2 protein chains.
Amino acid sequence: MAKKKSANSSSDSNRAKADPAKLSPQDKKTLGSLTGLADGVVDLAHKSRAPHMDVPSRSLSNARYNKTKRYIEMGNNTTRRELFNLSQAKSYMQTLLVSSGCKQLIEEGKTTSIRGLYYLLKHTIDGTKEETFNDQAESDPIIEDVEVLLNALREELHVYASNRGTMVGNIIINDSGDEIDCSRMGSGGYNIPSIVEPEVVQFVKCSAKFILHVEKDTVWRRFNEDKFWRKHNCILTHGGGQPPRGVRRLLHRLHNELGLPIYCVLDNDPWGYYIYSVIKQGSINLAFESKRMAIPEAKYLGLRSIDFERCNLSNSVQIRLNDNDRKRAKQIANYPWFKDKPKWQKEIKKLLDNDFKLEVEALINKGISFVTETYVPERLEEQDWLD
Amino acid sequence: MAKKKSANSSSDSNRAKADPAKLSPQDKKTLGSLTGLADGVVDLAHKSRAPHMDVPSRSLSNARYNKTKRYIEMGNNTTRRELFNLSQAKSYMQTLLVSSGCKQLIEEGKTTSIRGLYYLLKHTIDGTKEETFNDQAESDPIIEDVEVLLNALREELHVYASNRGTMVGNIIINDSGDEIDCSRMGSGGYNIPSIVEPEVVQFVKCSAKFILHVEKDTVWRRFNEDKFWRKHNCILTHGGGQPPRGVRRLLHRLHNELGLPIYCVLDNDPWGYYIYSVIKQGSINLAFESKRMAIPEAKYLGLRSIDFERCNLSNSVQIRLNDNDRKRAKQIANYPWFKDKPKWQKEIKKLLDNDFKLEVEALINKGISFVTETYVPERLEEQDWLD
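Residues numbered from 1 in each chain as written. Chains lettered and ligands numbered in written order. Predicted model: local features only at pLDDT ≥ 70, side-chain atom pairs only at ≥ 80, totals over all residues.

## Things to note about the overall build of chain A
And then number 1: When you go through chain A residue by residue, the secondary structure sums to 15 helices and 17 strands.
And then number 2: With respect to the three principal axes, the spread of C-alpha positions in chain A is 70 × 45 × 45 Å.
And then number 3: Among the 387 residues that make up chain A, the fraction classed as buried is 45%. (Helix = DSSP H or I, 4+ residues; strand = E, 2+ residues; numbered from the N terminus. Buried ≥ 20, exposed ≤ 12 C-beta atoms within 10 Å, placed from the backbone.)

## Observations regarding the interface of chain B and chain A
The extent of an interface is frequently quoted as the accessible surface area lost upon association of the parts.
And then number 1: Between chain B and chain A, the contact holds 64 residues from the first and 64 residues from the second.
And then number 2: Contributions of two or more residues to the side of chain B that touches chain A are made by helix 1 (2-14), strand 5 (112-113), helix 4 (114-121), strand 9 (178-181), strand 10 (190-191), helix 6 (217-225) and helix 15 (370-381) of chain B.
And then number 3: With eight residues, the single largest contributor to the side of chain B that touches chain A is helix 1 of chain B. (Contact = placed C-beta atoms within 7 Å.)

## Some points on the packing of helix 9 (residues 270-281) of chain B against helix 12 (residues 323-333) of chain B
Residues and elements named next belong to chain B.
And then number 1: The geometry of helix 9 relative to helix 12 is characterised by a closest axis approach of 9 Å and an angle of 30° between their N-to-C directions. Comparing the axis directions of helix 9 and helix 12 gives the class roughly parallel. When the axes of helix 9 and helix 12 are compared, the crossing they make is left-handed. Of the residues in helix 12, those in contact with Pro270, Tyr273, Tyr274 and Ser277 of helix 9 are Asp325, Arg328, Ala329 and Ile332.
And then number 2: Considered class by class, the residues forming the contact of helix 9 with helix 12 number five nonpolar, one polar and two charged. (Axes fitted to C-alpha atoms, helices over the stretch in contact; angles between N-to-C directions. Parallel < 35°, antiparallel > 145°, perpendicular 65-115°, else oblique. Left-handed = near helix turned anticlockwise from the far one by under 90°. Nonpolar A, V, L, I, M, F, W, Y, C, P; charged D, E, K, R; others polar.)

## Describing the sheet that holds strand 9 (residues 178-181) of chain A
All names here are of chain A.
And then number 1: Taken in spatial order, the three strands of this open sheet run 9-8-11, and their pairing is antiparallel. The open sheet has two edge strands with one neighbour each: strand 9 and strand 11 (201-206). On average, each strand axis in the sheet is tilted by 25° relative to the strand beside it, whichever way the strands run.
And then number 2: Strand direction decides the pairing type here: strand 8 (residues 171-175) and strand 9, joined by four bridges, are antiparallel. When the bridges of strand 9 are listed, isoleucine 172 appears paired with aspartate 181. (Pairing = 2+ DSSP bridges.)

## Here we look at the relation of the copies chain B and chain A
And then number 1: Here chain B sits on chain A after a turn of 180° about the axis and a move of 0.0 Å along it, with an RMSD of 0.0 Å. The transformation relating the two chain copies, once decomposed into turn and shift, fits a two-fold axis.
And then number 2: Here 100% of the interface residues in chain B have copies in chain A that are interface residues too; the copies meet face to matching face. (Least-squares fit on C-alpha atoms with pLDDT ≥ 70 in both.)

## What to know about the environment of His158(A)
All names here are of chain A.
And then number 1: Of note, histidine 158 is situated in the loop between helix 5 (136-150) and strand 6 (159-160).
And then number 2: Sequence separation between histidine 158 and threonine 30 is 128 residues; the distance between their C-alpha atoms is 9.8 Å.
And then number 3: Setting aside anything within four residues of it in sequence, one finds histidine 158 in contact with Cys102, Leu105, Ile106, Lys110 and Thr111.

## Quick notes on unusual backbone geometry
All names here are of chain A.
And then number 1: The amide bond that connects glycine 302 to the next residue, leucine 303, takes the cis arrangement and shows omega of -5°.
And then number 2: Within the element layout of this structure, leucine 303 appears in the loop between strand 15 (299-302) and helix 11 (307-310).
And then number 3: Backbone geometry at histidine 158 places phi at a positive 70°, although glycine is not the residue there.
And then number 4: Even without being a glycine, glutamine 383 presents a positive backbone phi close to 50°.
And then number 5: Among the residues examined, glutamine 383 registers 7 C-beta atoms within 10 Å and is labelled exposed.

## Some words on the environment of Gly32(A)
And then number 1: As for its position among the elements, Gly32(A) is in helix 2 (residues 25-46).
And then number 2: Expressed as a C-alpha distance, the spacing of Gly32(A) and Lys103(A), which sit 71 residues apart in the sequence, is 9.6 Å.

## A word on helix 14 (residues 342-354) of chain B
Residues and elements named next belong to chain B.
And then number 1: Relative to the 18 Å expected for 13 residues at 1.5 Å per residue, helix 14 spans 18 Å between its end C-alpha atoms, a close match to the ideal helical length.
And then number 2: Every buried residue of helix 14 is listed here: Trp344, Glu347, Ile348 and Leu351. Considered in projection along helix 14, the buried side chains sweep an arc of 85° and stay on one side of the axis. Across helix 14 from its buried face, at more than 90 degrees, point the exposed residues Pro342 and Asp353. (Expected span 1.5 Å × (residues − 1). Arc of directions from axis to C-beta.)

## Observations concerning the nonpolar core
And then number 1: Counting 177 residues, the largest nonpolar core has Cys264(A) and Cys264(B) as the members making the most contacts within it.
And then number 2: Sequence-distant contacts of Cys264(A), that is, excluding residues within four places in its chain, are made with His213(A), Tyr276(A), Ile279(A), Ala298(A), Lys299(A), Tyr300(A) and Leu301(A). (Core = buried A, V, L, I, M, F, W, Y, C linked by C-beta atoms within 7 Å.)

## Description of the packing of helix 2 (residues 25-46) of chain B against helix 3 (residues 86-108) of chain B
Residue and element names in this part refer to chain B.
And then number 1: Contact geometry of helix 2 with helix 3 gives a least axis separation of 10 Å together with a crossing angle of 145°. Every pair of crossing elements has a handedness; the one defined by helix 2 and helix 3 is left-handed. Across from Asp27, Thr30, Leu31, Leu34, Leu37 and Val41 in helix 2, the residues of helix 3 making contact are Leu96, Ser99, Cys102, Lys103 and Ile106.
And then number 2: Broken down by class, the residue content of the contact of helix 2 with helix 3 amounts to seven nonpolar, two polar and two charged.

## Describing the environment of Glu179(B)
Residue and element names in this part refer to chain B.
And then number 1: Within the secondary structure layout, glutamate 179 lies in strand 9.
And then number 2: For glutamate 179, a count of 13 C-beta atoms within 10 Å corresponds to the partly exposed category.
And then number 3: Taking C-alpha positions, glutamate 179 is 43 Å from alanine 329, a pair spaced 150 residues apart along the chain.
And then number 4: When neighbours within four sequence positions are excluded, glutamate 179 is seen to be in contact with Ile172, Asn174 and Val204.

## Digging into the sheet that holds strand 8 (residues 171-175) of chain B
Residues and elements named next belong to chain B.
And then number 1: With antiparallel pairing, the three strands of this open sheet are ordered in space as 9-8-11. Two strands bound the open sheet, and with one partner strand each, they are strand 9 and strand 11 (201-206). For this sheet, the mean angle separating the axes of adjacent strands, direction not counted, is 25°.
And then number 2: As paired strands, strand 8 and strand 11 are joined by five bridges and run antiparallel to one another. Bridge assignment links isoleucine 171 to a residue of strand 11, and that residue is cysteine 206.

## Structural notes on the domain arrangement of chain A
Residues and elements named next belong to chain A.
And then number 1: What the domain assignment lists for chain A is domain 1 (14-160) and domain 2 (176-381).
And then number 2: Of the residues lining the interface, 20 residues belong to domain 1; the matching set on domain 2 comes to 19 residues.
And then number 3: Listed by contribution, the elements that provide at least two residues to the side of domain 1 that touches domain 2 are strand 2 (63-66), strand 3 (71-74) and helix 5.
And then number 4: Per-element accounting of the side of domain 1 that touches domain 2 gives the leading share, four residues, to strand 3.
And then number 5: The residue inventory of the side of domain 1 that touches domain 2, partitioned by class, reads ten nonpolar, three polar and seven charged. (Domains from an automatic or database assignment.)

The following block contains the structure:
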């Protein structure tokens, strides 16, 4: 089979390293950390000491809300992972394997998905029937371990997550050498990539004064169709529900580098509150990335529990809360960053008293463009939001 | 509450009709069909006859494979829906309600999602406790009824579905007045909107020679990062799994209006086969739209059941078939358009014999860019595909 041969030879040639001179400063830095990790192993071996690494703990008990910085951060607890410990040997070796996979990606100047990395590294260990990873559920947490171990974003390791999320508005960016005018993106919009680090995405020119972030694609399209961002000189984004890392990181950069305030329009339900909470304070399982993701100044514009009465909505749009909604609402009310906020306590109590939730789409009951022409402009005008 | 008042007044002003002179020829045509439907009701009433409509049946028994046209089409069966029939009165009225909602959208020059339309039309019927729609599961099929009744695409009724799907490549399009050069879209790409009818999306200039359509976002990014579309002068699209209507319709237009062949790179599993089948032949529940969606000439480039051996892949990348996979594979082998194709029969038999499936990502095991530098170029070079 001639094909097989050519396939193999090409695969080998793929392994050629990129010219180190071509690596970006960030890539060099990450590569340095990865090499340092490996050097540590060699050092210990030379000293005839058992190889080990201390991985910062990503557990709930090691995440805490920093009141000064106003986001969730990781504490100092670490877990030792040793090669010569039967219960830890596999994860120890997996950690080194993931590190070497990331090194390969950086050296070749390529990126891949977490699934791609899993496939890249999955193989049967020579002379055994043991797989390096049985499934992706084994490699995903190791990627997060390497992130915290090296204090590097996943994106800096050249691994990407999903890239839901779209942007339009009065900003020109440069993405991988292409200048993209986000005010000329038609009905479709610019697809926010998963990796939006400065090496990939630069801000060229921005006249927008704020960011309106909405929960869903469908709501985003209403705002885009009505050219809300043109009338109000802003940037319009959505994250397809809970925004993925790329969207959160881009919002963070827009907020911090360009000083743009961020207003969120989310559903009036515990899930909407939670999305806001993650944008604002970070999440527990990504606590180590809060400082590059969390936006404590983000504002919650709506929907509010008072909106049913305030906007005089029809009974038809109410969606009854279920047991899980009630439970989640109570948990969220107890989050440290909501606990001392009377306005948030009132908001969540009112949701529970209403015993129904409201989707942003429900406002269409008042007119197709009620949300873009009345609801949001009034909230902005009156500076009426929660934070 | 002053806010309530302003909210209401604005909502009323939203109802203003668009200038009929501004309507596109397509909108005028659709509006004519909608008005015709309503006129029919009035006519029957004037003649003192029971109002009714004959809705083309969207059942499996009314879908058939047209061997000449090579796609699934809808038969001629219709179901009568009468106002003065207790079991049909509600759906009769819902049909008129959806029609009037679409009329409103077109007249206002706006579009909405199927969820938006549900909220727009949902209300308690005066003097009763009856809701026009209890939930969206009631309004969605009625939208499809109106589509077949008027022989109008959902998009022509100004209602959109989800808009997963991204495009890059050597084509310049015009989307809603914005010229978009899809060869200058950075890492993110152009987000394919749900509505891609000629009123919204026009093809300005295209030098690409074919379309490579891949199943998933993650695979698409590998091809985009390697600038496959530049090297091979093509357009690169994905549909986020089963491509939504907008993507299918855009592929159809690119194929038919610009004469571009389409090659699909999908997972080697029944789901991948099914995606190909829908792109090629249409689907049963959208049989009425086949002529504007189906692309009988689309080619299946891979992954093939022979690829495990052909590409000399590691055992590690095999994913065992489950009962449902085996059942689906047998069903697909029996589809009329695969039944008489020895190559497809062999392909599916080999999948069952392998008893494992392969994801496109599995090729990364041969090198990060094996799929873009070896696998796909070799298939194209050798004209080695299924159809």
